[in-house]
Amino acid sequence: MRLLVLLALVLVTRPADAAACRSETYAGNKYSICEVDLTQENLQLFLKDEDGQIYGHFGNVEATLNANGQHLGFAMNAGMFHEDRAPVGHYVENGQEVQRVISSDGPGNFGLLPNGVLCLRDGRADVFETKAFLRDNPPCVSATQSGPMLVIDGALHPKFLEDGTSRYIRNGVGTTADGTRAVFAISDNTVNFYDFGVLFRDHLKMPNALYFDGNVSRLRAPELGRDDAGFSALGPIIGVVEPAR
């Protein structure tokens with residue numbers, strides 16, 4: 001009876017359109033995982049405010065939303081950026097393209113092809129491998145490119161090594177085949193690419209998943225008591241916009 005009462009309280013106090021976040025351990029690594037239902041929730045990308053200033057931090061996005069009678073729920077950094085916080089790859093926000101698609105290889109994790117694009121449309125979100133994105137040309141309302149892909153059509157990125165020694169706090173996103181759910185994860189301890197990819201492929205069962213970043217990775221998850229600040233500003237941010245409480 002007590003458990004039923006507690007569950008009822010959670011359902012009452014948790015907004016219907018709030019992302020569901022939880023802490024999990026998988027294969028010896030700890031993660032914070034947040035699921036967004038695109039049929040019910042308003043997932044958006046944020047880079048600059050209306051004055052052209054980089055948001056940089058979750059709190060700045062929250063302040064802007066508060067001024068418009070809204071609230072920021074779950075949020076996460078959403079793609080690699082240059083020193084001036086400009087996106088490294090393709091970036092579209094509310095129909096306005098900031099950066100074109102970058103399809104060539106190059107140094108760093110972004111250029112570890114194949115990389116990919118997270119595409120937001122009305123009622124759905126999809127991770128596309130970059131060449132597939134260019135081929136299909138989906139009508140994204142907003143989009144952010146990053147890399148490498150973690151999972152591509154159910155397979156791990158071919159260059160991931162099980163015994164890889166590069167270990168960081170990492171974050172990324174996977175989407176379901178029907179595009180109705182986006183599952184975001186950040187490691188709570190350092191992990192290599194292989195372990196992070198396996199999380200999305202085998203545990204979260206995501207057919208496609210995209211790496212966002214490492215080392216600078218941050219999460220806002222109010223129900224987990226997290227609102228990572230960090231010392232340096234971020235580039236693109238993704239988050240769920242909720243009605244004011």
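In this report, we go over the structure that sits alongside the text. From a predicted model like this one, the values you see are computed outputs, not experimental measurements. (Residues numbered from 1 in each chain as written. Predicted model: local features only at pLDDT ≥ 70, side-chain atom pairs only at ≥ 80, totals over all residues. Heavy atoms only, no water.)

**Here we look at the side chain of Glu93**
Next, step 1: For Glu93, the location among the structural elements is in strand S5 (residues 91–93).
Next, step 2: It is Lys48 that comes nearest to the buried, bridge-free Glu93 among opposite-charge side chains, at 9.3 Å.
Next, step 3: A polar contact of 3.1 Å, which involves the side chain of Glu93, links it to the backbone nitrogen of Leu47.
Next, step 4: A distance of 2.7 Å separates the side chain of Glu93 from the side chain of Tyr91, its partner in a polar contact.
Next, step 5: With residues up to four places along the chain from it excluded, the contact list for Glu93 reads Leu45, Phe46, Leu47, Lys48, Val141 and Ser142. (Helix = DSSP H or I, 4+ residues; strand = E, 2+ residues; numbered from the N terminus. Buried < 20%, exposed > 50% of the residue type's maximum accessible area, 1.4 Å probe, protein only. Lys, Arg positive; Asp, Glu negative; His and termini not counted. Salt bridge = Lys/Arg side-chain N within 4 Å of Asp/Glu carboxyl O. Polar contact = N/O pair within 3.5 Å; in protein donor to acceptor, adjacent residues only side chain to side chain. Contact = heavy atoms within 4.5 Å.)

**Some words on the pattern of salt bridges**
Next, step 1: The final tally for this structure, using the stated rule, is 11 salt bridges.
Next, step 2: In this structure, the salt-bridge partner of Arg220 is Asp227, at a minimum N-O distance of 3.2 Å.
Next, step 3: According to the relative accessible area criterion, Arg220 is buried, its value standing at 7%.
Next, step 4: Arg226 is the salt-bridge partner of Asp228, the closest N and O atoms lying 2.6 Å from each other.
Next, step 5: Judged by relative accessible area, Arg226 falls into the partly exposed class, the value being 22%.

**Here's the deal with the sheet that holds strand S11 (residues 155–156)**
Next, step 1: Sheet architecture is open: seven strands sit in the order S1-S2-S13-S12-S14-S10-S11, paired in antiparallel fashion. Looking at which strands have only one partner, the edges of the open sheet turn out to be strand S1 (20–26) and S11.
Next, step 2: Taken together, the seven bridges between S1 and strand S2 (residues 29–37) define a ladder with antiparallel strand orientation. Across the sheet, Tyr26 pairs through a bridge with Asn29, a residue of S2. (Pairing = 2+ DSSP bridges.)

**Re the environment of Ala78**
Next, step 1: Inspection of the secondary structure puts Ala78 in the loop between strand S4 (70–77) and S5.
Next, step 2: Here the alpha-carbon distance between Ala78 and Ile238, two residues 160 residues apart in the chain, equals 5.6 Å.

**Description of the sheet that holds strand S6 (residues 96–99)**
Next, step 1: Strand order in the open sheet made by the five strands is S6-S5-S9-S7-S8, with antiparallel pairing throughout. Edge positions in the sheet fall to S6 and strand S8 (124–129), since each of these pairs with one other strand and no more. If you compare each strand with its neighbour and ignore which way they point, the axes differ by 20° on average.
Next, step 2: Relative to strand S9 (residues 142–146), strand S7 (residues 116–121) runs antiparallel, the two sharing five bridges. From the neighbouring strand, Val117 faces S9, where its bridge partner is Gln145. (Axes fitted to C-alpha atoms, helices over the stretch in contact; angles between N-to-C directions.)

**Remarks on the side chain of Asn77**
Next, step 1: Locating Asn77 in the fold gives a position in strand S4.
Next, step 2: Judged by relative accessible area, which is 0%, Asn77 ranks as buried.
Next, step 3: Within polar-contact distance, the side chain of Asn77 engages the backbone nitrogen of Arg218 at 2.8 Å.

**Quick look at helix H4 (residues 193–203)**
Next, step 1: Listing the buried residues of H4 in full gives Phe193, Phe196, Gly197, Val198, Leu199 and Phe200.
Next, step 2: In this structure Asn192 caps H4, since a side-chain oxygen of it lies 3.2 Å from the backbone nitrogen of Tyr194.
Next, step 3: The positive-phi residue at the C-terminal boundary of H4 is Lys205, with phi of around 60°.

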